[in-house]
Amino acid sequence: MDKIKFEIEFPIHASPSMLYQYFATPSGLEEWFADRVNSRGKVISFLWDDSEEEATILVRKNDEKARYKWLESEDDESYFEFRIQVDDITKDVSLIITDFAEEDEVEESKMLWENQIDTLKHRIGA
C-alpha cells in the first residue's frame, strides 16, 4: 500500500535557533520525541521503552529544517521532516511537520504528532 504525504503546521512561540536544537540534536529530541536518542554519523537511533527505530539523516539546514528517513522504509519515498517557517511580516514562527502514513493511518499519525508537539511546546514553554 502506498503511503500518503501529509503536512501539519504548528505555531510555536520560540526563536528558530532554539527550536532547531529540539529536532536536530539527540539531546533536543530526547526532551520530547523519544526516551533516548543516539547518533552515529548519518544514522540516528530512537529508543522508546523496549523498541528501537533507526533513521538516516537526509538533510540538516541550520535553524531551518531537518529531514530523516526510517531505515525500515528504505524502499519507498517516505521521510519525516521538521521545517521552521518565519512569517516575513509578523515574524511569527511555525513548525511544519511533513510525514507519510498509510491511507487508513493518516488521522492517527496526525494525532500522534499533535501530542508530540504539545509535549515539545510544554518543554520549551511556548
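Reading the values: the criteria
- Residues numbered from 1 in each chain as written.
- Predicted model: local features only at pLDDT ≥ 70, side-chain atom pairs only at ≥ 80, totals over all residues.
- Heavy atoms only, no water.
- Helix = DSSP H or I, 4+ residues; strand = E, 2+ residues; numbered from the N terminus.
- Rg over C-alpha atoms; globule rule 2.2 N^0.38 Å.
- Buried < 20%, exposed > 50% of the residue type's maximum accessible area, 1.4 Å probe, protein only.
- Areas by Shrake-Rupley, 256 points an atom, 1.4 Å probe, with all protein chains shown as cover.
- Lys, Arg positive; Asp, Glu negative; His and termini not counted.
- Charge placed at Lys NZ, Arg CZ, Asp CG, Glu CD.
- Pairing = 2+ DSSP bridges.
- Axes fitted to C-alpha atoms, helices over the stretch in contact; angles between N-to-C directions.
- Contact = heavy atoms within 4.5 Å.
- Salt bridge = Lys/Arg side-chain N within 4 Å of Asp/Glu carboxyl O.

## Brief notes about the overall build of the protein
Across its full length, the protein carries three helices and seven strands. Listing the helices and strands of the protein from first to last along the sequence gives β-α-α-β-β-β-β-β-β-α. The C-alpha radius of gyration of the protein comes to 14 Å, within 12% of the 14 Å expected for a compact globule of 126 residues. Principal-axis analysis of the C-alpha atoms places the extent of the protein at approximately 40 × 30 × 25 Å. For the protein, buried positions account for 41% of its 126 residues. Just so you have it, the protein exposes about 7,500 Å², and 43% of that area is on carbon and sulfur atoms. Of the side chains in the protein, 15 bear a positive and 31 a negative charge, and the two mean positions are spaced by 7 Å.

## A word on the pairing of strand E3 (residues 43–48)
Pairing between strand E2 (residues 36–40) and E3: five bridges, direction antiparallel. Paired with Val-37 across the two strands is Phe-46, which belongs to E3. Bridging between E3 and strand E4 (residues 51–61) involves six bridges; their strand directions are antiparallel. Within E4, the residue paired with Ile-44 across the bridge is Ala-55.

## Details of the sheet that holds E3
Strand order in this open sheet of seven strands is E1-E7-E6-E5-E4-E3-E2, and the pairing throughout is antiparallel. Of all strands in the sheet, those bounded by a partner on one side alone are strand E1 (3–11) and E2. Each neighbouring strand pair of the sheet contributes to a mean axis angle of 25 degrees, computed without reference to strand direction. Summarising the sheet, E1 and strand E7 (residues 93–102) pair through nine bridges and their orientation is antiparallel. In the sheet register, Lys-3 faces E7, and the bridge partner there is Glu-102. Strands E1, strand E6 (80–86) and E7 of the sheet are contacted by helix H3 (residues 106–124), whose axis makes an angle of about 30 degrees with E1.

## Structural notes on the pattern of salt bridges
Taken as a whole and judged by the stated rule, the model has nine salt bridges. With its nearest N and O atoms 2.9 Å apart, the salt bridge here joins Arg-40 to Glu-54. Here Arg-40, found in strand E2, pairs with Glu-54, found in strand E4; they are 14 residues apart in sequence, far enough to count as distant. In this structure Arg-40 comes out as partly exposed when scored by relative accessible area, which is 47%. Classification of Glu-54 by relative accessible area gives partly exposed; the value is 26%. The closest approach of N and O atoms between Glu-81 and Arg-67, which form a salt bridge, is 2.7 Å. Taken together, the positions of Glu-81 in strand E6 and Arg-67 in strand E5 (residues 65–70) put the pair 14 residues apart, joining distant regions of the chain. The exposure class of Glu-81 is buried, given its relative accessible area of 3%.

Keep in mind these values describe shape, not function.
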